[in-house]
Amino acid sequence: VTMGRTDGRFINPTDYDSKQNILYAAHGPDRFGRITDIGRSNKTKVFPADTFGGDQISSVTCSPTVPGRVYFGLGKGSVVRVDSADTDWPVFTVIKTGEGYVSCVTVDAENEDHLLVTYSNYGVISIWETMDGGALWKPVEGNLPDMPIRWAIFLPDNNRGALLATELGVWGTDELASVNTQWVPVNQGMANVRTCLLYTSPSPR
C-alpha cells in the first residue's frame, strides 16, 4: 500500500484508525493522504489542505473517541484538527500555532478536549497542554532540560501525569502543573539515549 515513493517525508508520519480500517498519512505541502479499506481495495485519496499554510505534516494522530477526527501536527509548529476526515468533505480547524517541529499530538482517551503537543527542537518550549480542545494552551515543560521531545503519552491510570520520549531517555511526571511541572528521568536501567516512541498496552477489562 503506497501513495508514491516521493510523497511525504523520508520516514513518513502515519496513523491507523483500526475501527474504520483507514490509514492517514503525510503527503506533500498542503496535503494529507488517506487509504481506506486496507487489505482489500486499498483505495487511496489525497486531499488539499490550504489550512496548512504551505506547511507539511510532521505528526498524525487519530482521535481515540471521535470517528473521522484526525490531528495533524505540522513541521513549522501548528496543529490542525480535521473532522469528517473519513468522508470526501473534511473540515479543517487550526487549534494551535507555534514554532518548531511538531513531533506528537496526544489525545486523552477519557477526555477528547485534553491534549498534549510536543516539539522536537532545541530552544523552544517543547510540551504544551490544553484542557478545552485547543482554545487555551499552557506550557508544561517545567524543569525539563532544553532537549527535543519526540513523543508523549498520558499515564495509563492517571491522566494528570505523562511520560515523554526524549533525546535523553524517558522522563515522567505524576502531575502536569503548567510551568511548575516537575519531570524526573524514569529510564529504570535504560541508558540516556534518544527515545522516539512510547506505547502502553490496553489495560485488561
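Before going into details, it helps to say that this report is about the structure given with it. Worth saying up front: this structure is predicted, and the values here are computed from it rather than measured.

What counts and what doesn't
Residues numbered from 1 in each chain as written. Predicted model: local features only at pLDDT ≥ 70, side-chain atom pairs only at ≥ 80, totals over all residues. Heavy atoms only, no water. Core = buried A, V, L, I, M, F, W, Y, C linked by side-chain atoms within 4.5 Å. Buried < 20%, exposed > 50% of the residue type's maximum accessible area, 1.4 Å probe, protein only. Helix = DSSP H or I, 4+ residues; strand = E, 2+ residues; numbered from the N terminus. Contact = heavy atoms within 4.5 Å. Pairing = 2+ DSSP bridges. Axes fitted to C-alpha atoms, helices over the stretch in contact; angles between N-to-C directions. Phe/Tyr/Trp six-rings, centres within 6.5 Å; stacked < 30°, edge-to-face > 60°.

### Examining the nonpolar core
Part 1: The biggest cluster of nonpolar side chains holds 16 residues, and the ones touching the most others in it are Tyr 24, Phe 32, Phe 52, Ile 57, Val 70 and Phe 72.
Part 2: Those elements that provide at least two residues to this core are β2 (22–26), β5 (57–62), β6 (70–74) and β7 (79–83).
Part 3: Residues within four places of Ile 57 in sequence aside, it is in contact with Arg 9, Pro 13, Ala 25, Ala 26, Arg 31, Phe 32, Phe 52, Phe 72, Gly 73 and Leu 74.
Part 4: In terms of nonpolar packing, the next biggest core, distinct from the first, is built from 13 residues, Phe 154, Ala 162, Leu 164 and Trp 171 among them.

### With respect to the sheet that holds β6
Part 1: The sheet built from four strands is open, its strands ordered β5-β6-β7-β8 with antiparallel pairing. Looking at the sheet topology across the chains shown, the edges are occupied by β5 and β8 (91–96). In this sheet, adjacent strand axes meet at a mean angle of 25° when their direction is disregarded.
Part 2: Pairing of β7 with β8, which is carried by five bridges, proceeds in the antiparallel orientation. Note on β8: the bridge partner recorded for Val 79 is Lys 96.

### Regarding the packing of aromatic side chains
Part 1: Scanning all chains against the criterion turns up six aromatic pairs.
Part 2: Taking 6.1 Å as the distance between ring centres and 65° as the angle between the ring planes, the aromatic pair formed by Phe 52 and Phe 72 counts as edge-to-face. Note that Phe 52 is positioned in the loop between β4 (43–48) and β5 and Phe 72 in strand β6, a separation of 20 residues in sequence. Side by side, Phe 52 and Phe 72 carry an identical accessibility label, which is buried.

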